[in-house]
Amino acid sequence: MNVICDVLKHSGYASALMEFAEVNHIKFVACAQIANVQYERSENIILFQPSLSEMEMTKGLIKALRQAWQNYQGALLQPVALYPDHAVFIHRAQKADIAGAMVRIAWELELAGYHDLWSDLEGSTMRDLTHAFGREAVLDFRSLNNGRAGFAVFETWFLSDRSKSADTQLIQKMLAEYQGHQFEDEDMSQLVV
């Protein structure tokens, strides 16, 4: 875990997320009972499977750190508590945001000479996202900080079949956990969104 954190510090964005976790007293806890890495908001911890490969640990840690950030910003809403249309939008946005964080950190590490994460994403189903980000970043290096490269990833995520997959996951979760809507009316759900 320490080796991965040391590598992530070479990304300004990942460093900011790790500093955010430290400031908010989010602890990292090894847990053999889970399969990957997960953020537990109720406990303010990030659990990780100690036997994960470095690459899977890195990707899981980025996802968990971004979820922690989403939580503290009020953006890690439980979609099943919202009306269906709002739930779909929030769930998609959360997933696209995490993908964007992953790609940006991979790009920053690539520029710093750490090629493994970028190469892994390039060889995966996230290849279209890395291409969208890279295209914007290469055309104008300022697109890293002005949001254009991140927006390109977000837009590409939404235009792909990932939306359908995320919707299927959400519907299955809604059916499994259905206890009625937490919000009494659609207007309240919209206000929360």
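To be clear, the structure that these remarks concern was listed above.
Here the structure is a predicted model, which is why all the values come from computation and not from measurement.

1. Some points on the environment of Gly 60
Position of Gly 60 relative to the elements: it lies in helix H3 (residues 54-72). By relative accessible area, Gly 60 is classed as buried at 7%. A sequence separation of 13 residues divides Gly 60 from Leu 47, and the C-alpha atoms of the two residues are 9.9 Å apart. Apart from residues lying up to four places away in sequence, Gly 60 is in contact with Asn 36 and Val 37.

2. Regarding the pairing of strand E2 (residues 37-40)
In E2, alternate side chains face the same way, and those of Val 37 and Tyr 39 are buried while those of Gln 38 and Glu 40 on the opposite face are not. In terms of strand pairing, E2 meets strand E3 (residues 45-48) through four bridges, oriented antiparallel. Bridge pairing in E3 links Gln 38 to Leu 47.

3. Quick word on unusual backbone geometry
When glycine is set aside, most residues are seen to have a negative phi, and most peptide bonds are trans. Phi is positive for His 25, close to 60°, though the residue is something other than glycine. Structurally, His 25 is set in the loop between helix H2 (12-23) and strand E1 (27-30). Backbone geometry at Asn 44 places phi at a positive 60°, although glycine is not the residue there. With respect to the element layout, Asn 44 can be found in the loop between E2 and E3. For Asn 44, a relative accessible area of 17% puts it in the buried group.

Definitions and limits used
Residues numbered from 1 in each chain as written. Predicted model: local features only at pLDDT ≥ 70, side-chain atom pairs only at ≥ 80, totals over all residues. Heavy atoms only, no water. Helix = DSSP H or I, 4+ residues; strand = E, 2+ residues; numbered from the N terminus. Buried < 20%, exposed > 50% of the residue type's maximum accessible area, 1.4 Å probe, protein only. Contact = heavy atoms within 4.5 Å. Pairing = 2+ DSSP bridges.

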